[in-house]
Amino acid sequence: MTYIQFLGAATTVTGSKHLINTGGFQVLVDCGLFQGPKEWRERNWQELPIPASEIDAVVLTHAHLDHCGWIPRLVKSGYTGPVYATPATIDLCSVLLPDSGHLQEEDAAFANKKKTSRHDPALPLYTMQEALDCLKQFKPVEVGSVQRLNPDFTFSFVRAAHILGSTMAEITVPGAGGPRRLLFTGDIGRVRDTQVAPGKVVHSGPQEGESADLLVMESTYGNRLHPTTDPRPELAKLISDTAKRGGVVVVPAFAVERTEKFLFLLKEMMEAGEIPRLPVHVDSPMAIKAVEIFLKYKDEFNEQTKSLIARFGSPLQWDGFHFDQKVDESKKINDSKYPMVIVSSSGMATGGRIVHHLAQRLPEPKNQVIFIGFQAPGTRGALIKSGAKSVRIFGQDIPVRAQVAAIEQFSDHADTPELLEWLRRFKKQPAVTYLVHGEPAASSQLRLAMTSALRWKVEVAQYMQRVDVR
Ligand SMILES: [Zn+2]
């Protein structure tokens, strides 16, 4: 009997890991890291319910760490099989996974120095070298090509339009009454969006007209609505006003996808005369690598991005855009007192170079911080966004006197109406849908919306739950 077991991203948005077992043949769809509160992160240290060495294949939907960040640990635990992913996902993983290993090593070193861990010595979940080594097991699979893993098990990728290289996995397995088609959505991008998700770099809209017997679907924004207004006027006002008062605009942003989206939008607005031509500093070595990878996959670009690159070439060469690779280039930005835009990571200001820029710019009322991404509760970003009068940075209380704004239109996830629109276009209604990758409130709200609007049978997946494929 074929079954699916939810080993992560059940009643949470991290640690995506779904095991398919077809009578002994075992495939993991995604292998993500648990992130956020300690109770979740501790799951990264637990072994899987089956030995890693007995897994036959990993099918990876995209390069976000909550979907791929546990692969080095899986390999460390004895997994020797292939990791199937699109070429763009593999390129992004080759940057993101070693960086994740580096951060794990830094965390362990910090815990040892401060004696904050109950383990002595504290060890990294995996090292940068282990992350580099696991990349050898990645095997490229193009979107649309059918892969046969055994006589009864095939899969192919279709576009998810979430980030560069992102896909859903269509999987055919033996069921009780014959072959059954499973669809694992991974993360679902904005549905055919041109206006509502401005600056989108990759394909607009996930694959439509799907058919599946069983659907495993994300529900991150199952209880939310993205703003449908154009953010350009608000962004233009924030940037122009800051420039007029001689201030600096600081934008915390993830290096992959969000930074690129924001840069393309800035360039468009500058060329249209909507904002002044300020210097733009992209202070993130990873963003340079991400842009280089983006440029390799032009067929994934949307029309606006294609035309922007046709007119102005690589963002790495754009006039007035500076990509700061070295630490002393980054430090030099601090000396500049002139209006400019600084885009840097991490996106929630939990670490990375953005923290230095915030420490430098937050005390000045003429400066402007703009959040363009989700700020998880408890992060420094969430604190600043919520209007805190000061934040702790490098052991000091830094006063927040700068202006703070948030623009919510940049999400890479479909919201509830978009998800329902995508589901309405299914050619075949799944016999059952399991919702994963959502906080409990979001998953249960989406379940209600799907049962009332579509009359589908929907369940919220539970951690370690096993469900039979009939
Ligand atoms: Zn994602």
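All of these numbers come straight from a predicted model, not from anything done at the bench.

Q: Help me understand unusual backbone geometry in this model?
A: A negative phi holds for most residues other than glycine; trans holds for most peptide bonds. Along the chain, S345 connects to S346 via a cis peptide bond; the corresponding omega equals 15°. Among the secondary structure elements, S346 is positioned in the loop between β15 (340–344) and α11 (354–361). For E257, which is not glycine, the phi torsion reads 75° and is therefore positive. With respect to the element layout, E257 can be found in the loop between β12 (248–252) and α7 (258–271). Assessed through its relative accessible area of 0%, E257 is described here as buried. Backbone geometry at M464 places phi at a positive 75°, although glycine is not the residue there. Examined against the element boundaries, M464 turns out to sit in the loop between β21 (458–460) and β22 (466–468). Overall, the relative accessible area of 30% leaves M464 in the partly exposed class.

Q: Explain the nonpolar core here, please?
A: Generally speaking, soluble globular proteins have nonpolar side chains that are buried together. In terms of nonpolar packing, the biggest core is built from 107 residues, with I4, L74, F138 and I171 touching the most fellow members. Top contributing element to this core by residue count: helix α8 (residues 285–296), with eight residues. Among all residues touching F138, those that are not within four sequence positions of it are L60, I71, V83, I90, C93 and L97. Within the second largest apolar cluster, 22 residues are counted, among which are L183, I188, W422 and F426.

Q: Looking at this structure, I do not really get the packing of aromatic side chains. What am I missing?
A: Each aromatic ring pair is specified by the distance between its two centres and by the angle formed by the two planes. On inspection of all chains with the given rule, the structure shows 11 aromatic pairs. Ring geometry for F34 and Y463: centres 6.4 Å apart, planes at 90°, overall edge-to-face. In this pair, F34 is assigned in the loop between β3 (25–29) and α1 (38–41) and Y463 in the loop between β21 and β22, connecting sequence segments 429 residues apart. Ring centres of W422 and F426 lie 5.0 Å apart, and the angle between their planes is 90°; this geometry places the pair in the edge-to-face category. Here the basic side chain of K17 rests over the ring of W70, its NZ or CZ set 5.0 Å away from the ring centre. Taking NZ or CZ as reference, R466 lies 3.7 Å from the ring centre of Y3, over its face.

Q: Please clarify how the coordination of the zinc ion should be interpreted in this entry.
A: Around a metal, the ideal angle is 109.5 degrees if four donors adopt a tetrahedral arrangement and 90 or 180 degrees if six donors adopt an octahedral arrangement. Coordination sphere of the zinc ion, protein contribution only: H62 (NE2), H64 (ND1), H162 (NE2) and D187 (OD), at 2.2 to 2.3 Å. Along the chain, the residues donating to the zinc ion are arranged with the sequence spacing H-x1-H-x97-H-x24-D. Within this pair, whereas H64 is found in the loop between β4 (57–59) and α2 (65–68), its partner D187 is found in the loop between β10 (178–184) and β11 (214–218), the two being separated by 123 residues in sequence. Judged by relative accessible area, H64 falls into the partly exposed class, the value being 23%.

Q: What am I meant to see in the pattern of salt bridges here?
A: Two side chains with opposite charge may pair up if their charged atoms get near one another. For the coordinates displayed, the defined rule picks out 22 salt bridges. Here R181 makes a salt bridge to E170, at a shortest N to O gap of 3.4 Å. Separated by 11 residues along the polypeptide, R181 in strand β10 and E170 in strand β9 (residues 167–175) bring together distant segments of the chain. Residue R181 is classed as partly exposed on the basis of its relative accessible area of 30%. D412 serves as the salt-bridge partner of R258, at 3.1 Å between the closest nitrogen and oxygen. Pair noted here: R258 is in helix α7 and D412 is in the loop between β19 (403–406) and α13 (416–424), with a separation of 154 residues, a long-range link. By relative accessible area, which is 12% here, R258 ends up buried. Taken together, the shared-partner salt bridges in this structure form one network comprising D230, R232 and E268.

Q: Sorry if this is basic, but what is going on with the environment of P399 here?
A: For P399, the position within the fold is in strand β18 (residues 396–399). Each C-alpha atom, one on P399 and one on N302, is 41 Å from the other, the two residues being 97 residues apart in sequence. Beyond its immediate chain neighbours, meaning those up to four positions away, P399 contacts L362, P363, K389 and S390.

Q: I tried to follow the packing of α13 against helix α14 (residues 440–453) on my own but got confused; where do I start?
A: Helices that pack against each other are described as a pair by the angle of their axes relative to one another and the distance between those axes. The N-to-C vectors of α13 and α14 enclose an angle of 40°; their axes lie 11 Å apart at closest approach. The angle between α13 and α14 falls in the class oblique. At the point where α13 passes α14, the crossing takes the right-handed sense. Residues T416, L419, L420, L423 and R424 of α13 form the contact with α14, whose own contacting residues are L446, A449, M450 and A453. Here the residues of the contact of α13 with α14 sort into seven nonpolar, one polar and one charged.

Q: In this structure, what is going on with the sheet that holds strand β16 (residues 368–371)? I would like to understand it.
A: Reading across from one edge, β14-β13-β15-β12-β16-β19 is the order of the six strands in this open sheet, with parallel pairing throughout. Of all the strands in the sheet, the pair left with one neighbour each is β14 (321–323) and β19. Adjacent strand axes in the sheet meet at a mean angle of 20°, parallel and antiparallel pairs treated alike. Bridging between β16 and β19 involves four bridges; their strand directions are parallel. Paired with I370 across the two strands is A405, which belongs to β19. Across the sheet, helix α6 (residues 232–244) is in contact with β12, β16 and β19; its angle to β16 comes to roughly 160°. Across the face of the sheet, helix α10 (residues 327–335) comes into contact with β13 (280–283), β14 and β15 while running at roughly 140° to β13.

Q: In this structure, what is going on with the side chain of E170? I would like to understand it.
A: The class for E170 is buried, based on a relative accessible area of 13%. A polar contact of 3.4 Å, which involves the side chain of E170, links it to the side chain of R181. For E170, the contacting residues outside a window of four places in its chain are T154, F155, S156, V158, R181, L182, L183 and E210.

About the thresholds
Residue numbers here run from 1 along each chain, matching the order of that chain's written sequence. With pLDDT at 70 or above as the cut-off, local features in this predicted model cover only qualifying residues; side-chain atom pairs require 80 or more to be listed or tallied, and sums for whole chains, interfaces and linings still use all residues. Side-chain figures throughout are based on the complete set of non-hydrogen atoms in the structure, without hydrogens or water. Under the scheme used here, helices are H or I runs from DSSP no shorter than 4 residues and strands are E runs no shorter than 2 residues, and both carry numbers assigned from the N terminus. Working definition: with a 1.4 Å probe on protein chains only, accessible area under 20% of the residue-type maximum means buried, over 50% means exposed, and in between means partly exposed. We call a set of buried Ala, Val, Leu, Ile, Met, Phe, Trp, Tyr and Cys residues a nonpolar core when their side-chain atoms join them within 4.5 Å. Throughout, a contact is declared for two residues whenever any of their heavy atoms are within 4.5 Å. Whether two aromatic rings pair depends on their centres lying within 6.5 Å, for rings of Phe, Tyr and Trp, where Trp uses its six-membered ring; planes under 30 degrees apart make the pair stacked, over 60 edge-to-face, and the rest tilted. The criterion is that NZ of a Lys, or CZ of an Arg, lies within 6 Å of the ring centre and within 35 degrees of the ring normal, and then a charge sits over that ring. Donor criterion used throughout: N, O or S atom within 2.8 Å of the metal, extended to 3.2 Å for Na, K and Ca. Water excluded; incomplete-looking sites may result. The salt bridge definition used is simple: a Lys or Arg side-chain nitrogen within 4 Å of an Asp or Glu carboxyl oxygen. Where helices are involved, their axes are fitted lines through C-alpha atoms of the stretch in contact, as for all axes, and angles between N-to-C directions lie from 0 to 180°. Each angle is binned into one of four classes, with values under 35 degrees roughly parallel, values over 145 roughly antiparallel, values of 65 to 115 roughly perpendicular, and all other values oblique. If you view the pair so one helix is near and one far, a crossing is left-handed when the near helix is turned anticlockwise from the far one by less than a right angle, and right-handed when it is turned clockwise. Under the convention adopted here, Pro, Cys and the residues Ala, Val, Leu, Ile, Met, Phe, Trp and Tyr are nonpolar, Asp, Glu, Lys and Arg are charged, and Gly plus all remaining residues are polar. Any two strands are treated as partners once DSSP identifies two or more bridges connecting them. N or O atoms closer than or at 3.5 Å make up a polar contact, with two conditions inside protein: a donor-capable atom paired with an acceptor-capable one, and, for residues adjacent in sequence, both atoms drawn from side chains.

These figures come from the coordinates and say nothing about function on their own.
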